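Given next are the chains, with one letter for each unit.
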Amino acid sequence: VGLTGDPEGDWGVTRTMISDTCHPPVDYLLARPSTIPHPDAATSQTTAVLPANGANYATIANWIAAGCLTP
């Protein structure tokens, strides 16, 4: 699954990565947060792109959770 830069297409691809808005960390989009190095051969990378405890991860998780419809 890859993003192309086309907003409408990328929205559709991103949406397919979300299966449970009430539990964002289990969704494909967040299930495997970034680690160092990523990919494994990227030895020059010094910081994770999307660490699980980072602000960007929280932003995405909150965006997903906003779609949770609880009774």
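Residues numbered from 1 in each chain as written. Predicted model: local features only at pLDDT ≥ 70, side-chain atom pairs only at ≥ 80, totals over all residues. Heavy atoms only, no water.

Caption draft 1: Structural view of the overall build of the protein. Counting its secondary structure elements, the protein contains 3 helices and 0 strands. Across the protein, helices and strands are ordered from the amino to the carboxyl terminus as α-α-α. Taking all 71 residues of the protein together, 23% fall into the buried category. Here the contacts in the protein between residues at least 6 apart in sequence split such that 38% fall between residues at least 24 apart. Summed over all atoms, the accessible surface of the protein reaches about 5200 Å², with 59% contributed by carbon and sulfur. (Helix = DSSP H or I, 4+ residues; strand = E, 2+ residues; numbered from the N terminus. Buried < 20%, exposed > 50% of the residue type's maximum accessible area, 1.4 Å probe, protein only. Contact = heavy atoms within 4.5 Å. Areas by Shrake-Rupley, 256 points an atom, 1.4 Å probe, with all protein chains shown as cover.)

Caption draft 2: View of the nonpolar core. Formed by Ile18, Leu30, Leu50, Tyr57, Ala61 and Ile64, the largest nonpolar core amounts to 6 residues. For this core, the element with the highest residue contribution is helix 3 (residues 55-65), accounting for 3 residues. (Core = buried A, V, L, I, M, F, W, Y, C linked by side-chain atoms within 4.5 Å.)

Caption draft 3: Fine view of the side chain of Thr21. Counting through the fold element by element, Thr21 comes out in the loop between helix 1 (7-16) and helix 2 (28-31). Separated by 3.3 Å, the side chain of Thr21 and the backbone oxygen of Gly67 make a polar contact. At a separation of 3.4 Å, a polar atom in the side chain of Thr21 contacts the main-chain amide nitrogen of Cys68. Sequence-distant contacts of Thr21, that is, excluding residues within four places in its chain, are made with Asp27, Ile64, Ala65, Gly67 and Cys68. (Polar contact = N/O pair within 3.5 Å; in protein donor to acceptor, adjacent residues only side chain to side chain.)

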